[in-house]
Amino acid sequence: MSIALLGTPLAPVRRKALIAAGHELVTPQRAELRVHVGARPPARAPRAPWVWATPSPVAPADAALAVLAGAYDVVAVDDALPATLGRRLAELRVTREPGPPPVGFVAESEAAKRVVAELDRAARTSMAVLLTGETGSGKDLAARHLHARSGRTGDLVPINCAAVPNELIEGELFGYVRGAFSGAVSDYDGQLRAASHGTVFLDEVDDTPKTLQIKLLRVLEDHVVSRLGENAWREVDFRVVAATNRDLDELVRRGEFGADLYQRLAIVRIELPPLRDRLEDIPELAAHLIARFYREEPRAPHRVTTVTPAALAALQRYPWPGNVRELRNVVFQALVHKRAGDDLLLSDLAEHVIRGAPTDRRTTPGTLIDRGAIAKLLDEGRMNLRSLRDDLERTALELAVARSGGSPARIARLLGEVGRGASRDPAGTVRAMLRRYGMGTVST
Ligand SMILES: Nc1ncnc2c1ncn2[C@@H]1O[C@H](COP(=O)(O)OP(=O)(O)OP(=O)(O)O)[C@@H](O)[C@H]1O
Ligand SMILES: [Mg+2]
């Protein structure tokens, strides 16, 4: 395995250890991997694969800068250096060269192209990546892209930190041995081990319960996990990608999210820009979404091929608070109703998009309310407002329960405002709603 040492000369004993471990020290041109040794990153990053080897721990910001400048990893100059470099070399050999964005990731605007480039650079490293961005901006897609480009041979294992009930999440992540608790009927290895040689995607990481944060930190620091009910620690090799649409800095300041864990997760931070800041993506996104609609609905009775300039102009004027997901909904909704014509017309779009302003934020998004259906019920004298409102409430409640793990406080947060007026006890209101709909008791 040929490596080139650059930067500060390495102590003879360390050079000897490298050679003893089977590394061949060669010139940069011939090396498979360049190792920049030093307390500071190189002034000019090598163009070919390189790692930064540091004699002392580096600040996360410096590590991030090095990675963004193309470093594959930041490694410590210690006794494990020969073995670490061996592993990085082995990984590099299987890492596929990044090509064009994978099918499905539209990036026409400069802002989106920058994101793809950042994702590609980060993908080649083993560093933890924190994806931030408003809801619907593409964090999920970005996580999948990171994994696909990482060359890691294992699976992408998504874990929604907000959806798994508190009392189950530790068993789910770390695994358990039979009999560890009353429901543990057989051994289970847990999601973190399922992600071995792959990627763990911690979605909605801001919602991770405090006790779990502490345990996660330990896992991320030492890369070992222990199943519940067992005292043995096993090494796991996975890369962590986390996502949030909340301001983690603010949560750390308020003491709701551990600063240590935050540092660990946000070694590289990639921000998905809101759609309203990259309107140049919209024509390509619309075309992509139309194709996707017919792929997902192969039996749709009619096919649209183009978007008229007037419709495009409206799509590019609307501010998209729900980002690409909202655009998808608007396009899909329009296509569902389309019966004739090659063009998607301005008049096919949802009313609030034509108007160019989102529906009042406190009311439901326009796509949820079907004005035509309501008009029909009124005309036919079949309207029952109370039962409709109850249906909506029950459905939203059921969906929120499934995503919250049953905690009334989280359900309340998911539901936005609950009850009449500004409730001082949203969780209490949620509990009352659950009772009203006979949805059983939940944990507090
Ligand atoms: N650049 C893109 N190209 C094509 N489709 C995209 C792009 N970005 C997002 N989408 C699509 O938009 C939808 C929402 O994206 P995604 O689920 O990744 O958002 P998110 O940031 O994870 O949202 P949330 O914070 O609500 O979880 C998905 O259907 C996704 O495929
Ligand atoms: Mg998501």
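Conventions used here
- Residues numbered from 1 in each chain as written.
- Chains lettered and ligands numbered in written order.
- Predicted model: local features only at pLDDT ≥ 70, side-chain atom pairs only at ≥ 80, totals over all residues.
- Helix = DSSP H or I, 4+ residues; strand = E, 2+ residues; numbered from the N terminus.
- Buried ≥ 20, exposed ≤ 12 C-beta atoms within 10 Å, placed from the backbone.
- Contact = placed C-beta atoms within 7 Å.
- Pairing = 2+ DSSP bridges.
- Axes fitted to C-alpha atoms, helices over the stretch in contact; angles between N-to-C directions.
- Near = placed C-beta within 6 Å.
- Nonpolar A, V, L, I, M, F, W, Y, C, P; charged D, E, K, R; others polar.
- Domains from an automatic or database assignment.
- Parallel < 35°, antiparallel > 145°, perpendicular 65-115°, else oblique.
- Right-handed = clockwise from strand over helix to strand, strands pointing away.
- Left-handed = near helix turned anticlockwise from the far one by under 90°.

This paragraph deals with the overall build of the protein chain. Counting its secondary structure elements, the protein chain contains 18 helices and 14 strands. Across its three principal axes, the protein chain shows a C-alpha extent of roughly 90 × 55 × 40 Å. Buried positions account for 32% of the 444 residues belonging to the protein chain. Counted over contacts in the protein chain with a minimum sequence separation of 6, partners at least 24 positions apart contribute 69%.

So, about the sheet that holds strand S7 (residues 156-160). Taken in spatial order, the five strands line up as S7-S8-S11-S6-S12 in an open sheet, and their pairing is parallel. The open sheet has two edge strands, S7 and strand S12 (268-271), and neither has a second partner. When the angles between neighbouring strand axes are averaged without regard to direction, this sheet yields 20 degrees. Relative to S12, strand S6 (residues 129-132) runs parallel, the two being bridged by four bridges. Its bridge partner being in S12, Leu130 is matched across the sheet by Arg269. Where helix H4 (residues 110-123) meets the sheet, its contacts fall on S6 and S12, and the angle it forms with S12 comes to roughly 155 degrees.

Spatially, the five strands line up as an open sheet ordered S2-S1-S3-S4-S5, and their pairing is parallel. Every other strand in the sheet has two partners, leaving strand S2 (24-25) and strand S5 (73-76) as the edge strands with one partner each.

Turning to the environment of Val240, a few remarks are in order. Looking at the element boundaries, Val240 is found in strand S11 (residues 239-244). Given 22 C-beta atoms within 10 Å, Val240 falls into the buried group. Residues Val240 and Leu33, spaced 207 residues apart in sequence, show a C-alpha to C-alpha distance of 24 Å. Beyond its immediate chain neighbours, meaning those up to four positions away, Val240 contacts Ala128, Val200, Leu202, Leu220 and Leu265.

A separate point is the site of ligand 1. Every one of the 18 residues lining ligand 1 counts as a neighbour, but Val106, Gly138, Lys139, Asp140 and Val324 are closest to it. The class makeup of the residues in the shell around ligand 1 is six nonpolar, eight polar and four charged. When residues are assigned to domains, the shell around ligand 1 turns out to be shared by domain 2 (110-273) and domain 3 (276-369), each giving three or more.

The next thing to look at is the domain arrangement of the protein chain. Often, the extent of an interface is quoted as the loss of accessible area upon association of its parts. Splitting the protein chain by domain gives domain 1 (2-94), domain 2 (110-273), domain 3 (276-369) and domain 4 (385-436). Each of domain 1 and domain 3 has a C-alpha centre, and the two are 49 Å apart.

Bringing helix H17 (residues 408-415) into the picture now. When H17 is considered as a whole, its buried residues turn out to be Pro408, Arg410, Ile411 and Ala412. Those residues of H17 hidden inside the fold are in contact with helix H16 (385-404) and helix H18 (426-436). Gly416 sits one or two residues past H17 and shows a positive phi near 80 degrees.

With that settled, the discussion passes to the packing of H17 against H18. Packed helices, taken two at a time, are described by the angle their axes make and the gap between the axes. Two elements in contact, H17 and H18, have axes whose closest approach is 8 Å; the angle formed by their N-to-C orientations is 95 degrees. Judged by the angle between their axes, H17 and H18 are roughly perpendicular. Where H17 abuts H18, its residues Pro408, Ala409, Ile411 and Ala412 lie against Pro426, Ala427, Thr429, Val430 and Arg431. Across the contact of H17 with H18, the residue classes break down as seven nonpolar, one polar and one charged.

Let us now look at the environment of Ala80. Inspection of the secondary structure puts Ala80 in the loop between S5 and helix H3 (81-94). C-alpha of Ala80 to C-alpha of Ala17: the two residues are 63 residues apart in sequence and 9.6 Å apart in space.

Moving on, we come to the pairing of strand S1 (residues 2-7). The pairing of S1 with S2 spans two bridges and is parallel. Residue pairing in the sheet places Ser2 in a bridge with Glu24 of S2. With respect to chirality, the unit in which S1 leads through helix H1 (residues 12-20) into the neighbouring parallel S2 is right-handed. As paired elements, S1 and strand S3 (residues 33-37) share five bridges and run parallel to each other. Within S3, the residue paired with Gly7 across the bridge is Val37.

Moving on: the environment of Leu146. Along the chain, Leu146 falls in helix H5 (residues 139-150). Since 26 C-beta atoms lie within 10 Å of it, Leu146 is described here as buried. The contacts of Leu146, once residues within four sequence positions are left out, are Leu119, Ala122, Ala123, Val129, Thr199 and Val241.

Next up on the list: unusual backbone geometry. Phi at Trp320 is positive, roughly 50 degrees, even though this residue is not glycine. With respect to the helices and strands, the residue Trp320 is situated in the loop between helix H12 (309-315) and helix H13 (323-337). Judged by C-beta crowding, with 23 C-beta atoms within 10 Å, Trp320 ranks as buried. Even without a glycine there, the phi angle at Asn323 is positive, about 55 degrees. Among the residues examined, Asn323 registers 23 C-beta atoms within 10 Å and is labelled buried.

It is at 10 Å that the axes of helix H11 (residues 282-296) and H13 come closest, and there the two elements cross at 55 degrees. Our classification of the angle between H11 and H13 gives oblique. For H11 against H13, the interelement crossing comes out right-handed. Contacts between H11 and H13 pair Leu285, Ala286, Leu289, Ile290 and Phe293 from the former with Val324, Leu327, Arg328, Val331, Phe332 and Leu335 from the latter. Of the residues assigned to the contact of H11 with H13, the class counts are 10 nonpolar, no polar and one charged.

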